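Structural description and commentary
Read off the chains here:
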Amino acid sequence: MQSLVATRGQALKRYAFLLCGNDDRADDLVQEALVRTLARRHPHDLAELEAYIRRAIVNLVIDESRRAGRWARLRPIFRTRQASFDEEGPESQVSARLWTRELLGRLPPGQRTCLVLYYLEDLPVADIANLLGCGQGSVKSQLSAARGALRRMSTSADTTNTEEEDHEFERR
């Protein structure tokens, strides 16, 4: 392990940097990939171990971009009226957080659970279904109903979603 980091550490960091474009994030990606890989594999062959670490870095970057994309689609639902919350300062952040908590609190527990597991925990529909002991169709239905309810509850004018976003769950 130490020999891999000593000999290939900079190459791994360059690789991570090329994938994410941020020096600090590249350090974090390499470290997280090392931890994840070494927790599962014993370093027998350093070339093979490096390949696993590189794949772990790619997976981490892909997971982050997927998560960011999902939040980008969900974020308009939680937007508040400009008159209610100014986007500057900690007071507005607290107000927006409370407003979001209130909206989530209005959802039935099943919808809220599916929404949190899907968007916050970044679990696929199949894993949510296994975790909750129900079918994938039920999870998709709960997610769709939750998004619809949030859309209706939202007072923002720009909460319209495309048909593609409404069928996002079917692709997973």
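See the structure above.
Anyway, here's the lowdown on the structure attached to this text. Every residue gets a number counted from 1 within its own chain, in the order that chain's sequence is written. Owing to the predicted nature of the model, reporting of local features is limited to residues with pLDDT of at least 70; listing and counting of side-chain atom pairs is limited to 80 or more, with chain, interface and lining totals taken over all residues. Each side-chain value is derived from all of the structure's non-hydrogen atoms; neither hydrogens nor water enter the calculation.

**Here's the deal with helix H2 (residues 23-40)**
In DSSP terms, a helix is any run of H or I states spanning at least four residues, a strand is any run of E spanning at least two, and both are numbered starting from the N terminus. A helix's residues, less one, multiplied by 1.5 Å, set its expected span. Taking 1.5 Å per residue, 18 residues should reach 26 Å; H2 reaches 26 Å between its end C-alpha atoms and fits that length. Here's how the labels work: a residue is buried when its accessible area is under 20% of the maximum for its type, exposed when over 50%, partly exposed in between, all with a 1.4 Å probe on protein chains only. Where H2 is concerned, the buried positions are Ala26, Leu29, Val30, Ala33, Leu34 and Thr37. Taken end-on, H2 shows its buried residues confined to a sector of 130 degrees, consistent with a single buried face. Away from its buried face, by an angle of more than 90 degrees, H2 presents the exposed residues Asp24, Gln31, Val35 and Ala39. Pairing of N or O atoms within 3.5 Å defines a polar contact, subject to two protein rules: one partner must be a possible hydrogen donor and the other a possible acceptor, and residues neighboring in sequence count only if both atoms are side-chain atoms. Sitting at the amino-terminal end of H2 is Asn22, which places a side-chain oxygen 2.9 Å from the backbone nitrogen of Asp24. Arc definition: it is the arc formed by the directions from the helix axis to the C-beta atoms.

**Things to note about the environment of Arg67**
Within the secondary structure, Arg67 is located in helix H3 (residues 46-78). Arg67 sits in the partly exposed class, given a relative accessible area of 30%. Taking the C-alpha atoms as reference points, Arg67 and Tyr118, separated by 51 residues in sequence, lie 9.6 Å from one another.

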